[in-house]
Amino acid sequence: MADVMLGKLSRYLLICGYDCEYRKNFPDRKLVEFARSEQRIILSRDHELCLELAADLPTTLIRSTKLRKQLRQLKEEYELTFTREQLFQRCLKCNQKVVPVERKTVSGKVPAKTYNWIDDYYRCSDCASIYWHGTHFEAIEKRLNRWNLLDD
């Protein structure tokens, strides 16, 4: 569960295949209640949140403001792996898993240029958002490689 200061980190954790909740409209107390009810680890840059409000919960105080260093910290502290196969396995809108779908089922639901270029598609099992491995996938993979975070 990432607090309001860690939106980009939470998005990258999702991109890397990890379950991470992020609610930018949650005040600290509500975030703590949600984390407690869902049995989640709280990720925060806020000392007060980690040391006082959530003292009885597992928390990680994120030390850096740099995304690269934040990911490195979590990778080391939790022994996370970031592999190409894990990328984009969760929905970026609702955090649920995505599943492969037949190409013909997305016809008319993705841009025609994309449909003509891409063969493999994925749909969120909950909100039905559609995903594919295009230029965004390649850019994220290159960034993680450049940061020496990708494990394969």
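Residues numbered from 1 in each chain as written. Predicted model: local features only at pLDDT ≥ 70, side-chain atom pairs only at ≥ 80, totals over all residues. Heavy atoms only, no water.

## Here we look at the overall build of the chain
Cut-off, in case you're wondering: Numbered from the N terminus, helices here are DSSP runs of H or I no shorter than four residues, and strands are runs of E no shorter than two. Burial classes: relative accessible area under 20% of the type maximum marks a residue as buried, over 50% as exposed, and values in between as partly exposed (1.4 Å probe, protein chains only). Throughout, a residue-residue contact means that at least one pair of heavy atoms, one from each residue, lies within 4.5 Å. Note on charges: Lys and Arg go in the positive column, Asp and Glu in the negative column, and His and the chain ends are not counted at all. One atom stands in for each charge, and that atom is NZ of Lys, CZ of Arg, CG of Asp or CD of Glu.
Looking only at helices and strands, one finds six helices and five strands in the chain. For the chain, the N- to C-terminal ordering of α and β elements is α-α-β-α-β-α-β-α-β-β-α. C-alpha extents for the chain along the principal axes are approximately 55 × 30 × 20 Å. Taking all 152 residues of the chain together, 45% fall into the buried category. The long-range share in the chain, meaning contacts at least 24 apart out of those at least 6 apart in sequence, stands at 49%. Across the chain, 27 positive and 22 negative side-chain charges occur, with their mean positions spaced 7 Å apart.

## Looking at the side chain of Gln73
Here is the rule: Counting of polar contacts relies on pairs of N or O atoms within 3.5 Å, with two restrictions inside protein: one atom must be capable of donating a hydrogen and the other of accepting it, and residues adjacent in sequence are counted only when both atoms are side-chain atoms.
Residue placement: Gln73 occurs in helix α4 (residues 67-78). Polar side-chain contacts of Gln73 include one of 3.1 Å to the backbone nitrogen of Arg63. The residues contacting Gln73, other than those within four sequence positions of it, are Thr60, Leu61, Ile62 and Arg63.

## A word on the side chain of Thr114
With respect to the secondary-structure elements, Thr114 resides in helix α5 (residues 112-117). For Thr114, a relative accessible area of 13% corresponds to the buried category. Discounting chain neighbours no more than four positions away, the residues touching Thr114 are Tyr121 and Trp132.

## Quick word on helix α1 (residues 7-15)
α1 sits mainly inside the fold: seven of its nine residues count as buried. Of the positions making up α1, those classed as buried are Gly7, Leu9, Ser10, Tyr12, Leu13, Leu14 and Ile15. Looking at the buried positions of α1, the neighbouring elements they touch are β1 (42-44), α4 and α6 (135-146).

## Observations regarding the sheet that holds strand β5 (residues 130-132)
Definition in use: Any two strands with at least two DSSP-identified bridges between them are counted as paired. Every axis corresponds to a line fitted to the C-alpha atoms, with the helix fit spanning only the stretch in contact, and the corresponding angles, defined between N-to-C directions, vary from 0 to 180 degrees.
The strand order β3-β4-β5 describes an open sheet built from three strands, whose pairing is antiparallel. Every interior strand has two partners, whereas the edge strands, β3 (98-101) and β5, have only one. Strand-to-strand twist across the sheet, computed as the mean angle between neighbouring axes with direction ignored, equals 40°.

## Focus on the nonpolar core
Side chains that are nonpolar tend, in soluble globular proteins, to be buried together. Applied cut-off: By nonpolar core is meant a set of buried Ala, Val, Leu, Ile, Met, Phe, Trp, Tyr and Cys residues that side-chain atoms within 4.5 Å join together.
Counting 30 residues, the largest nonpolar core has Leu9, Tyr12, Leu13, Leu71 and Leu144 as its most contacted members. Here this core gets five residues from one element, more than from any other, and that element is α1. Membership of the second largest hydrophobic core comes to 10 residues, among which are Leu31, Phe34, Ala54 and Leu57.

## Regarding the confidence of the model for the chain
Residues shown with low pLDDT carry predicted positions that ought not to be read at fine detail. Rules: The score called pLDDT rates the predictor's confidence residue by residue, from a low of 0 to a high of 100.
The predicted model of the chain has a mean per-residue pLDDT of 94, with 100% of residues at 70 or higher. For the chain, per-element mean pLDDT is lowest for helix α3 (residues 47-53), which scores 81, and highest for α4, which scores 98.

## Side note on the pattern of salt bridges
Applied cut-off: By definition here, a salt bridge exists when the distance from a side-chain nitrogen of Lys or Arg to a carboxyl oxygen of Asp or Glu is within 4 Å.
Enumeration according to the criterion identifies 10 salt bridges in this entry. Between Glu21 and Arg23 there is a salt bridge, and its shortest N-O distance comes to 3.0 Å. Under the relative-accessibility criterion, Glu21 is labelled buried at 11%. Judged by its relative accessible area of 29%, Arg23 is partly exposed. Put simply, Glu38 and Arg40 hold a salt bridge, and the shortest N to O gap is 3.7 Å.

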